[in-house]
Amino acid sequence: MYTEKVMDHFMNPRNMGELENASGVGTVGNAKCGDIMRIFLDIDENQVIQDVKFKTFGCGAAVATSSMATELIKGKTVEEALKMTNKAVCEALDGLPPVKVHCSLLAEEAVHAALWDYAKKNNLEFEGLKEPVADIHEHDHGEEEEE
Amino acid sequence: MDKLIYLDHAATTKVDPRVLQEMLPYFTENFGNPSAFYSIARDAKNVVEESREVIAKAINADPAEIYFTAGGTESDNWALISTAEAYASKGKHIITSTIEHHAILHTCKYLEKKGYEVTYVGVDEDGIIKLEELKAAIRPDTILISIMAANNEIGSLQPLKEIGELAKEHKVLFHTDAVQAFTQIPIDVKEMNIDMLSASGHKINGPKGIGILYMKKGIRAGAFIHGGAQERRKRAGTNNVPGIVGMGKAVEIAMAEYQERIAAKVALRDYLIEKMLKEIPYTKLNGHRELRLPNNTNFSFRFIEGEALLILLEQAGICGSSGSACTSGSLDPSHVLLAIGLPHEIAHGSLRLTLSEENTREEMDYVVEKLKTIVQRLREMSPLYEDFIKEQQ
């Protein structure tokens with residue numbers, strides 16, 4: 001059901017772990033729905049993401065989208081990272097099953113939440129960066145349950 | 001280990017080679033329609049009746065009370081819908097439990113749309129029905145109680161005899177979905193006052209696409225599948241002769257080898273449970289420690305999610321199943337795990353391993369060894385585990 005890229009990022013996740021003294025940390029999702037993502041960012045004085053790590057509680061797709069999202073923003077500026085969409089994460093993974101698309105949304109939200117934390121700590125404002133919602137599960141997960 | 005370790009016997013089982021041998025002639029030389037008159041048809045009719053006898057004997061029913069269906073789901077649909085229709089003049093209230101299989105729950109939802117009222121009785125933390133709650137739910141317009149014999153996810157055994165007594169006392173019909181329990185626990189429909197019972201072939205080393213509904217004599221429920229006069233006008237459609245022969249043989253073997261099989265499965269199950277709880281921290285056994293199916297184990301590993309677990313298990317050559325939302329494609333984890341009171345995040349991290357008498361202790365050792373690594377790996381990835389460890393410090 002998963003593409004080779006999803007499987008690769010699940011089996012060999014990139015940038016998994018924690019950052020001590022991170023410039024920004026964001027956690028999104030909830031345990032009730034079975035996925036939580038946490039992103040740690042290390043951002044330098046030029047607003048470039050020098051390092052990024054993630055931790056995820058969730059399914060194969062949740063882990064793979066977190067891993068891919070960290071790859072997509074590493075070395076980018078804050079403004080570039082803000083432009084990373086869930087669609088870009090999906091495409092970089094060669095697609096996700098419809099019921100798993102919400103995982104990529106969660107990855108986008110996790111990055112935004114970490115950037116928000118960084119902005120708040122540094123009294124910065126960025127266009128398009130809003131306070132993260134605690135729970136993005138208000139939308140449905142796609143297809144109806146299969147029997 | 002380079003071979004596959006199959007631990008999903010509650011999902012389906014391998015056809016026993018002796019069952020397959022018995023079935024084969026009924027695809028080719030003995031292909032006759034049992035409703036016809038010539039000799040190959042008579043032979044087909046005889047074997048259908050022989051199978052019926054074997055199956056009836058296994059639950060202490062009369063052969064005339066056994067109807068062949070296409071499987072457990074059809075039997076459940078038939079039992080509920082036809083009874084509801086036949087007894088609507090008495091009342092339109094049905095009682096079932098919160099942990100039934102979807103074959104029952106979704107049929108109940110259907111009946112609710114048709115104007116019936118359904119009470120879903122809860123279970124305790126071990127997944128065993130609350131008898132007092134069941135008793136209190138019975139009303140003058142209650143026509144049917146449908147409670148499974150054993151749960152498919154957590155293996156919890158239900159007090160059939162007590163439910164049967166309650167049903168009899170209140171003159172309510174009692175149906176049980178015994179798809180998982182059939183030939184795994186003793187079932188006596190007379191002693192337990194069971195009026196209807198569903199069972200399936202493929203869970204007991206028989207073929208897929210065959211099942212039975214036992215319906216006690218005198219129950220007015222009519223046909224569910226309409227057409228020809230097969231199965232004493234109760235279930236139309238040409239008999240699935242190879243399937244019926246296969247199910248009959250599977251039951252015959254299961255009953256003949258009953259003691260050895262159960263003893264082997266129980267010993268292996270207990271070995272796996274003890275080892276798992278001992279070797280993997282923050283692990284919970286779901287379901288009752290003793291009152292459970294001989295082949296069922298179900299664990300929750302805290303801080304991790306079931307689908308990720310299954311993928312890594314598959315990479316290690318192990319087939320299991322999980323009650324996580326991600327494996328069902330729905331938002332919620334298993335309704336059974338929620339019914340026993342597990343918080344969502346713990347329900348998401350569940351793993352069901354269901355055994356057969358052919359599995360070995362070496363396989364169980366390998367599974368626990370692999371799981372240790374896999375669970376630890378996923379926990380290291382989990383923000384929930386990170387938070388938990390920090391709180392401990």
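Residues numbered from 1 in each chain as written. Chains lettered and ligands numbered in written order. Predicted model: local features only at pLDDT ≥ 70, side-chain atom pairs only at ≥ 80, totals over all residues. Heavy atoms only, no water.

Would you explain the overall build of chain A in this entry?
Along its length, chain A carries five helices and three strands. Going from the N terminus to the C terminus, chain A shows its helices and strands as α-β-β-β-α-α-α-α. The C-alpha atoms of chain A give 15 Å as radius of gyration, which agrees with the globular expectation for 147 residues (15 Å, within 12%). Projected onto its principal axes, the C-alpha positions of chain A cover 50 × 30 × 25 Å. Here chain A holds 147 residues, and the buried ones make up 54% of them. Total accessible area on chain A stands at roughly 6900 Å², and carbon and sulfur atoms take up 46% of it. Separation of charge centres in chain A, based on 14 positive and 28 negative side chains, amounts to 4 Å. (Helix = DSSP H or I, 4+ residues; strand = E, 2+ residues; numbered from the N terminus. Rg over C-alpha atoms; globule rule 2.2 N^0.38 Å. Buried < 20%, exposed > 50% of the residue type's maximum accessible area, 1.4 Å probe, protein only. Areas by Shrake-Rupley, 256 points an atom, 1.4 Å probe, with all protein chains shown as cover. Lys, Arg positive; Asp, Glu negative; His and termini not counted. Charge placed at Lys NZ, Arg CZ, Asp CG, Glu CD.)

What is the right way to read the pattern of salt bridges from this model?
Close approach of charged atoms allows side chains of opposite charge to pair. Applying the stated criterion across every chain yields a total of 35 salt bridges over all chains. Ionic pairing is found between Asp117 of chain A and Lys121 of chain A, a salt bridge with its closest N-O pair at 3.1 Å. Residue Asp117 of chain A and its partner Lys121 of chain A are located together in helix H5 (residues 101-121), separated by four residues, close to a single helical turn. A salt bridge links Glu257 of chain B to Arg261 of chain B, with the nearest nitrogen and oxygen atoms 3.5 Å apart. A relative accessible area of 24% means that Glu257 of chain B is categorised as partly exposed. (Salt bridge = Lys/Arg side-chain N within 4 Å of Asp/Glu carboxyl O.)

Teacher, can you tell me more about the layout of surface pockets here?
Once rolled over the atoms, a probe with the size of a water molecule shows which space is left empty. Residue and element names in this part refer to chain B. Here the second largest pocket defines a volume of roughly 450 Å³. Considering the residues around the second largest pocket, the lining is formed by 28 residues, among which His9, Asn205, Ser356, Glu357 and Glu358 are closest to the centre. Secondary-structure elements contributing two or more residues to the lining of the second largest pocket are helix H1 (17-23) and helix H9 (258-279). It is H9 that provides the largest number of residues to the lining of the second largest pocket, a total of three residues. When grouped by side-chain class, the residues that make up the lining of the second largest pocket number eight nonpolar, nine polar and 11 charged. (1 Å grid on protein atoms, 1.4 Å probe; cavity = no way out; pocket = protein on both sides within 12 Å on 5 of 7 lines; lining within 4 Å. Points joined across faces, edges and corners; volume = space filled by probe spheres on them. Nonpolar A, V, L, I, M, F, W, Y, C, P; charged D, E, K, R; others polar.)

Can you walk me through the environment of Phe182 of chain B in this structure?
Residues and elements named next belong to chain B. Among the structural elements, Phe182 can be located in the loop between strand S6 (173-177) and strand S7 (196-200). Considered as a pair, Phe182 and Val251 are 69 residues apart in the sequence and their alpha carbons are 9.0 Å apart. If sequence neighbours within four positions are ignored, Phe182 has contacts with Ile55, Ala58, Ile59, Ile187, Ala199, Ile204, Met247 and Val251. (Contact = heavy atoms within 4.5 Å.)

Explanation requested: helix H10 (residues 306-315) of chain B in the structure shown.
Note on helix geometry: an α-helix contains 3.6 residues per turn, so any two residues three or four positions apart are oriented the same way. Residues and elements named next belong to chain B. Within H10, eight of the 10 residues are buried, which leaves the element mostly enclosed by the surrounding structure. Buried within H10 are the following residues: Gly306, Glu307, Ala308, Leu309, Leu310, Ile311, Leu312 and Leu313. A distance of 2.8 Å separates the backbone nitrogen of Glu307 from a side-chain oxygen at the start of H10, and that oxygen is part of Glu305. Directly beyond the C-terminal end of H10, a positive phi value near 80° is found at Gly317. (Polar contact = N/O pair within 3.5 Å; in protein donor to acceptor, adjacent residues only side chain to side chain.)

Mind showing me how you'd approach the interface of chain B and chain A here?
The accessible area lost on association of the parts is a frequent measure of interface size. The partner chain A presents 31 residues to the 29 residues of chain B that form the contact. Surface buried jointly by chain B and chain A totals about 2500 Å² across both partners, of which 62% is contributed by carbon and sulfur atoms. In this structure, Arg38 of chain A and Asp387 of chain B form a salt bridge, with 2.8 Å as the shortest nitrogen-oxygen distance. The tally of links from chain B across to chain A stands at 11 residue pairs in polar contact (both at pLDDT 80 or more). (Buried area = accessible area lost by both parts, 1.4 Å probe.)

Explain the sheet that holds strand S9 (residues 283-285) of chain B to me, please; I cannot follow it from the model alone.
All names here are of chain B. Ordered by their spatial adjacency, three strands build an open sheet running S9-S10-S12, and the pairing between neighbours is antiparallel. Each edge of the open sheet carries a strand with a single partner, namely S9 and strand S12 (350-354). The mean angle between the axes of side-by-side strands here comes to 25°, regardless of whether they run parallel or antiparallel. Relative to strand S10 (residues 296-301), S9 runs antiparallel, the two being bridged by three bridges. (Pairing = 2+ DSSP bridges. Axes fitted to C-alpha atoms, helices over the stretch in contact; angles between N-to-C directions.)

I'm lost on the packing of aromatic side chains in this one. Help?
Residue and element names in this part refer to chain B. As enumerated under the stated definition, the model contains seven aromatic pairs over all chains in all. Geometrically, the ring pair formed by Phe303 and Phe388 is tilted, given 4.7 Å between the ring centres and 40° between the ring planes. A residue pair is termed long-range when its members are at least 10 positions apart, and Phe303 in the loop between S10 and H10 and Phe388 in helix H15 (residues 383-392) qualify at 85 residues. Note on Phe303: relative accessible area 8%, which makes it buried. (Phe/Tyr/Trp six-rings, centres within 6.5 Å; stacked < 30°, edge-to-face > 60°.)

Before we go on, may I ask you to explain empty space enclosed by the protein in this structure?
Evaluated as defined, the whole model comprises two cavities of 30 Å³ or more. Within this model, the second largest cavity holds a volume of roughly 50 Å³. Forming the boundary of the second largest cavity are Thr56, Phe57, Gly58 and Val63 of chain A together with Phe303, Ile304, Glu305, Ala308, Leu378 and Ser382 of chain B. Split into classes, the residues belonging to the lining of the second largest cavity amount to six nonpolar, three polar and one charged.

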